[in-house]
Amino acid sequence: MLETGIRQVRVAMAMVFGRRLNVRLVERLVDDALATLQEFGSPGTDVEQLIEGPFADPDDRRDLQTRALQRTARRLDARSAFYRERFAAAGVEPGKLTLETLRRVPVTLKRDLVTRSRDMLCATPYISTQTTGTTGSPARVWLSRYEIELWPALIALSMLLRGEVRPGDCMQINLSSRATAAVQEDVDMLRLAGAAARVVGQVPPDESLDHLLDDGGAVPTILNGYPSYIGQLVAAARRRGLGPADFPALRALYVGGEVFSPHLAEAVRATFGIEQINDTYGVTELLPVGGRTCRHRHLHLDPNMGYTEVLDPETGEPAAPGELGTLTVTPYYPYRECMPVLRYDTRDVVRALPEELDCELAAVPAVSQVLGKESRLLRTGDGVVTTRDVVETLDGLPGVEWPVRHRARVVDGRLHLTVVSRELSPADVVKAFAERDVDATAEIVDLTGDEARLLCPLRCDLREETFVRAPAETGPVEVGA
């Protein structure tokens, strides 16, 4: 116990003073947590405070943020030609940066990563990952060996202490293979936590269901995928007449990367019997900074690993509570070292929230759930309509099959929707939006395959085809016949 306490103090001090963390020390803390769980069934509040951080107090948090931003900015000024130019042009001294003077530094955009990536490297590259490219050209992001080893250890410790992963769990990972860092992060996290991983990828939904039903080896207890792909799994399971009794071991779902509607969440519960649904936020460019969604549907972003701003998309100034803005994040050193970003504007639209909230994660700063990309805001005569507004309305229509493919645009000041369906009528869609006080027009189209995907590209379209076993009744396949 004394050794565990010493390790906790050493890691906590490194976090407070911004020193490079000893990865092996963090991994030993994971082992300590596993041993404690095995012996007592609970990790204890003292260890949990290590993960939540000593920064829930607003004054302590502001002091942490200022020192962490200065430390991060000094390193960028010394190692990144891109940010050295930014600081000089803004007349900002990195070592004296404050939360107020930070606003003078222009935001970093995805196109900067695409065009100036070499000038952003601050450490020796070890592995590259890239964004999915579903909203534009993908950006390549380089990670160091230190990062790719540190992040899973921190996440494993956090998830064990929160009870989100347990020794003996098995996670089926239905993420795109392009998400190199996310997949490797999950695999290493599970290894450290004494759990198993099934990296299935985005194969045809029926094949993925077969993996969930497979009783050979470790049976999946946790499912991890994009909302649109999970929607396809729900539709495929219902076509096959499958229900909760067919998935007795499945207890948790992790989703992120797209709008996940309450209607689809209920369908997941009804189809798979899953109760624990974790709607998370993570962006390749910002790893390991991420967010969790509470029961009140607030998105809480970790204040210990990065600084979060919500900026008015027109003025670039901080958005007031209740206003829309784009989520802008600065990951701190030493959690991000190889290709760090300062004031990275994700262009994800959220609504700013008051500092004081009444929810189970109230001590952690929060914004609304992501409402969609700024480029896809629809400004109608009734006001702004977001991607979340559209998806949640369509997902709630009776008889829909998820994911609902659609295209939304503004015609003569009114919302106009093109929806792929064989069950809905234009009147169904118009009525649903009228109930949300949105004047809309609609057309229904019967499209399949590539035509439907071109109308509305989703992350489930990052498909990885495989050789599928021929049905038994067809007999063996003769190669070379």
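Summary of the structure given here.

## What to know about the sheet that holds strand S17 (residues 406-411)
- Read across the open sheet, the 3 strands follow the order S17-S18-S19; overall the sheet is mixed. Of all the strands in the sheet, just S17 and strand S19 (440-445) have a single pairing partner and so form its edges. The mean angle between the axes of side-by-side strands here comes to 20 degrees, regardless of whether they run parallel or antiparallel.
- With respect to the sheet, helix H12 (residues 387-395) is in contact with S17 and strand S18 (414-420), its orientation differing from that of S17 by roughly 125 degrees.
- The sheet contacts of helix H13 (residues 426-434) involve S18 and S19, and relative to S19 the element is tilted by about 145 degrees.

## So, the pairing of strand S7 (residues 276-282)
- The pairing of strand S6 (residues 252-255) with S7 spans 4 bridges and is parallel. Its bridge partner lying in S7, Tyr254 is registered against Asn278.
- The parallel pair S6 and S7 is bridged by helix H11 (residues 262-272), and the resulting crossover is right-handed.
- In the sheet, S7 pairs with strand S8 (residues 290-293) via 3 bridges, with the strands oriented antiparallel. What sits directly across from Tyr281, in S8, is Gly291.

## Details of the packing of H12 against H13
- One can describe the packing of H12 onto H13 by two numbers: an axis separation of 10 Å at closest approach and a directional angle of 120 degrees. Comparing the axis directions of H12 and H13 gives the class oblique. By crossing handedness, the relation of H12 to H13 is classed as right-handed. When H12 is examined against H13, the residues Asp389, Val390, Thr393 and Leu394 are found in contact with a partner set consisting of Val429, Ala432 and Phe433.
- A per-class count over the contact of H12 with H13 returns 5 nonpolar, 1 polar and 1 charged.

## Things to note about the pairing of strand S9 (residues 298-301)
- Across the two faces of S9 the burial is the same, with His298 and His300 and Leu299 and Leu301 all buried.
- Examined bridge by bridge, S8 and S9 share 3 bridges and lie antiparallel to one another. The partner of Thr293 across the bridge, within S9, is Leu299.
- Taken together, the 3 bridges between S9 and strand S13 (residues 366-368) define a ladder with antiparallel strand orientation. Note on S13: the bridge partner recorded for His298 is Ser368.

## Things to note about the nonpolar core
- Of all hydrophobic cores here, the largest spans 77 residues; its most connected members are Leu150, Val165 and Leu327.
- Sorting elements by how many residues they give to this core places helix H7 (residues 145-162) first, with 11 residues.
- Those residues within four positions of Val165 in sequence are excluded, and the remaining contacts are Met159, Leu160, Met189, Leu190, Ala193, Ala195, Ile222 and Arg251.
- In terms of nonpolar packing, the next biggest core, distinct from the first, is built from 45 residues, Ile230, Leu250, Ala267 and Cys460 among them.

## A look at the pattern of salt bridges
- Scanning the entire structure with this criterion turns up 32 salt bridges.
- Here Lys96 makes a salt bridge to Glu93, at a shortest N to O gap of 3.9 Å.
- Among the residues examined, Lys96 registers a relative accessible area of 58% and is labelled exposed.
- Look at Glu93 and you get partly exposed, because its relative accessible area is 48%.
- In this structure, the salt-bridge partner of Asp188 is Arg191, at a minimum N-O distance of 4.0 Å.

## Describing the environment of Cys456
- Turning to its location among the elements, Cys456 is positioned in the segment after helix H14 (449-455).
- Under the relative-accessibility criterion, Cys456 is labelled buried at 10%.
- The spatial distance from the C-alpha of Cys456 to the C-alpha of Val419 is 9.5 Å, given a sequence separation of 37 residues.
- Residues contacting Cys456, with those up to four places away along its chain left out, are Arg405, His406 and Asp461.

## What to know about the packing of aromatic side chains
- If you walk through the whole model with that rule in mind, you get 2 aromatic pairs.
- Taken together, a centroid distance of 4.9 Å and an interplanar angle of 90 degrees make the contact between Phe82 and Tyr83 edge-to-face.
- Overall, the relative accessible area of 3% leaves Phe82 in the buried class.
- Classification of Tyr83 as buried rests on a relative accessible area of 0%.
- Positioned above the aromatic ring of Tyr146 is the side chain of Arg20, whose terminal nitrogen or guanidinium carbon lies 3.9 Å from the ring centre.

About the thresholds
Residues numbered from 1 in each chain as written. Predicted model: local features only at pLDDT ≥ 70, side-chain atom pairs only at ≥ 80, totals over all residues. Heavy atoms only, no water. Pairing = 2+ DSSP bridges. Helix = DSSP H or I, 4+ residues; strand = E, 2+ residues; numbered from the N terminus. Axes fitted to C-alpha atoms, helices over the stretch in contact; angles between N-to-C directions. Contact = heavy atoms within 4.5 Å. Right-handed = clockwise from strand over helix to strand, strands pointing away. Parallel < 35°, antiparallel > 145°, perpendicular 65-115°, else oblique. Left-handed = near helix turned anticlockwise from the far one by under 90°. Nonpolar A, V, L, I, M, F, W, Y, C, P; charged D, E, K, R; others polar. Buried < 20%, exposed > 50% of the residue type's maximum accessible area, 1.4 Å probe, protein only. Core = buried A, V, L, I, M, F, W, Y, C linked by side-chain atoms within 4.5 Å. Salt bridge = Lys/Arg side-chain N within 4 Å of Asp/Glu carboxyl O. Phe/Tyr/Trp six-rings, centres within 6.5 Å; stacked < 30°, edge-to-face > 60°. Lys NZ or Arg CZ within 6 Å of the ring centre and 35° of its normal.

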